[in-house]
Amino acid sequence: MEIAFSPVRPEADTLVFAVPKGGFDALPLSAAPVLAAGAAAARFAGETGTSFESFVEEDGKVLRVVLVGTGAGSDADHERAGSALTARLSTSGATHAAVEFFGGASGEKAAALALGASLRGWRIDTYRTRQAEKAKPTLARITLVSADAGAAWEKQAAVAAGVAFTRELVSEPANILYPESFVERCRHLEGLGVKITVLDKAAMTELGMGALLGVAQGSVREPRLIAMEWDGTGGATEKPLVFVGKGVTFDTGGISLKPGAGMEDMKWDMGGAGAVAGAIKALAGRKAKVRVVGICGLVENMPDGNAQRPGDIVTSMSGQTIEVLNTDAEGRLVLCDVITWAQKTYAPEVIIDLATLTGAMIISLGNEYAGIFANDDALADDLIAAGKAAGDQLWRFPLGEAYNKLIDSPIADMKNIGPRYGGSITAAQFIKRFVDEGVKWAHLDIAGMVWADKPGATWDKGATGYGVRLLDRYVADKFEQ
């Protein structure tokens, strides 16, 4: 679906009027009294995301007219209005919608509505060979009547592209998206000025990444590590901000096999890596003034005759040894080696990792918040604020020695699981053991957020793109002010 802007209303088969809370006095249509009466009868009063639809005859043509509510008029209200508009019109038969703002709107608000429309309009039809006619998308273009939205939309369009890329990665099945093909999907970022570095199995073996390689050893798909660096500071920043993503492209649980029912969902166990790749695309696309490196550890966790066994002991790149009691607690084994490599390679001051790490997080927070763990209060506060502003919400969990000692092993430096309770916390405590002294670190457990079983504010069922807007907003707030 194409998003366009025009200073005047173009010819279109659908007219849309963005209406603030409280309704409207008049519309630039001869049928305005009929529309007003119909909207009143339908109890439409401009509340955020609500809509009213009718058909009118105007200049000898029958037009579809949609009123969509922008509530109190904030950017977030306009974004939700745009999302509601696309949800309503996507498969309606409308092909081109022209959007006017009742009372006018700034370029930023017009761009916000366009962002909501773009995000909600994303869908994946790659593998459909047959589809009911009424289920096929028809809306090909939305033109917003605004003379000054260009600069604002340029940035929002880059963010939308980053979210779309993440959704694409998360949606792909594991026979299509695996460590090597994930890397190839990211190659196009080089065209945006992103420097890409890739480590293969041999390189990781030489570096001593025994924790990550142990997860990968049961699969015929070889592991990869990809680092995507964007420097929008022209070389002025010495130490980059580092994002780390868990990229388990399919997770059977390994020898600690998951139940068969629902295992197909484990194609999205690379949601953290997907979010990191999407965030790098968004930041590079809008030429963010920051030096940032996104690093993804990419593996497939499978059971076979060479798979890692419960009870195995592996040596991480840091030199610390790990007793692997459960091969389904694999994400932390991937992250610990990637974080060690990131610190040795880039010496960052801040690391933020994202991972679909624990089912316990979904038990705790459902699908409303991701969990955040951090060794620095200011970093946690900044990320929570960015998440609230972007719509990718976070809730903070504790860390502490009482939890840390629960992962001590009697025969190695640590074990990869703790007791039954507090599983998300002991997982975070495990990762924390690999963070160097003085490095500010936050771990985002996004297990409940990367995939949705029902439509949300700016997404349909399926991949949500969670994390991209959170990281982009964090960079905008802390590095570009």
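Refer to the structure presented above.
Not measured: the values here are computed from a predicted model.

Definitions and cut-offs
Residues numbered from 1 in each chain as written. Predicted model: local features only at pLDDT ≥ 70, side-chain atom pairs only at ≥ 80, totals over all residues. Heavy atoms only, no water. Phe/Tyr/Trp six-rings, centres within 6.5 Å; stacked < 30°, edge-to-face > 60°. Helix = DSSP H or I, 4+ residues; strand = E, 2+ residues; numbered from the N terminus. Buried < 20%, exposed > 50% of the residue type's maximum accessible area, 1.4 Å probe, protein only. Lys NZ or Arg CZ within 6 Å of the ring centre and 35° of its normal. Contact = heavy atoms within 4.5 Å. Polar contact = N/O pair within 3.5 Å; in protein donor to acceptor, adjacent residues only side chain to side chain. Pairing = 2+ DSSP bridges. Axes fitted to C-alpha atoms, helices over the stretch in contact; angles between N-to-C directions. Expected span 1.5 Å × (residues − 1).

**Regarding the packing of aromatic side chains**
Aromatic ring pairs are described here by two measures, namely the spacing of the ring centres and the angle between the planes. Tallied over the full model, the rule gives 6 aromatic pairs. Measuring from centroid to centroid gives 5.5 Å for Tyr 369 and Trp 395, while their planes differ by 80°, and the two rings are edge-to-face. With Tyr 369 in the loop between helix H10 (359–365) and strand E14 (370–374) and Trp 395 in strand E15 (residues 394–396), this residue pair connects regions lying 26 residues apart in the sequence. Overall, Tyr 369 belongs to the partly exposed group, its relative accessible area being 25%. Looking at Trp 395, the relative accessible area reads 48%, which means it is partly exposed. It is Arg 221 that lies over the ring of Tyr 178; its NZ or CZ is 3.7 Å from the centre. Above the plane of the ring of Phe 165 lies Lys 281, whose end atom (NZ or CZ) is 5.3 Å from the centre.

**Some points on the environment of Asp 251**
Relative to the assigned elements, Asp 251 resides in strand E9 (residues 241–251). In sequence terms Asp 251 and Glu 330 are 79 residues apart; their C-alpha atoms lie 8.7 Å from each other. With residues near it in sequence (within four places) discarded, Asp 251 still touches Lys 258, Met 263, Met 266, Asp 269, Asn 301, Asp 328 and Glu 330. Separated by 2.9 Å, the side chain of Asp 251 and the backbone nitrogen of Gly 253 make a polar contact. Polar contacts involving the side chain of Asp 251 include one to the side chain of Asn 301, which spans 2.8 Å.

**So, the sheet that holds strand E2 (residues 14–19)**
Strands belonging to one sheet form pairs held by backbone hydrogen bonds; the direction of such a pair is parallel or antiparallel. If you walk across this open sheet you meet the 6 strands as E1-E6-E5-E2-E4-E3, and the pairing is mixed. Strands at the two margins of the open sheet, each flanked by one partner only, are strand E1 (2–6) and strand E3 (51–58). Between one strand and the next, the sheet's axes are offset by a mean angle of 25°, whatever the strand orientation. Sheet topology note: the E1/strand E6 (residues 141–145) ladder contains 5 bridges and is parallel. In the sheet register, Ala 4 faces E6, and the bridge partner there is Thr 143. The strands that helix H2 (residues 75–89) touches are E2, E3, strand E4 (61–69), strand E5 (96–101) and E6; relative to E4, the one it contacts most, it runs at about 140°.

**Re the pairing of strand E10 (residues 291–301)**
Along any regular strand the residues' side chains alternate between the sheet's two faces. E10 sits mainly inside the fold: 11 of its 11 residues count as buried. The alternating pattern of E10 places Arg 291, Val 293, Ile 295, Gly 297, Val 299 and Asn 301 on one face and Val 292, Gly 294, Cys 296, Leu 298 and Glu 300 on the opposite face, and all of these are buried. The pairing of E9 with E10 spans 10 bridges and is classified as parallel. Bridge assignment links Gly 245 to a residue of E10, and that residue is Cys 296.

**Quick look at H2**
Here H2 contains 15 residues, and its C-alpha end-to-end distance of 21 Å stays within 8% of the 21 Å for a straight helix at 1.5 Å per residue. Buried residues in H2 make contact with E2, E4, E5, helix H3 (107–121), E6 and helix H14 (468–479).

**Quick word on the sheet that holds strand E8 (residues 224–231)**
The 8 strands lie next to each other as E7-E8-E10-E9-E13-E17-E14-E15, forming an open sheet whose pairing is mixed. The open sheet has two edge strands, strand E7 (195–199) and E15, and neither has a second partner. Going across the sheet, the axis of each strand differs from the next one's by a mean of 20°, ignoring polarity. For E8 and E10, the ladder comprises 8 bridges, and the chain directions are antiparallel. Each residue of the ladder has a partner; that of Met 228, found in E10, is Gly 294. Along the sheet, helix H11 (residues 377–390) contacts strand E13 (350–355), E14, E15 and strand E17 (440–445); its crossing angle with E15, the most-contacted strand, is approximately 155°. Where helix H13 (residues 423–432) meets the sheet, it contacts E13, E14 and E17, and its direction lies at approximately 145° from that of E17.

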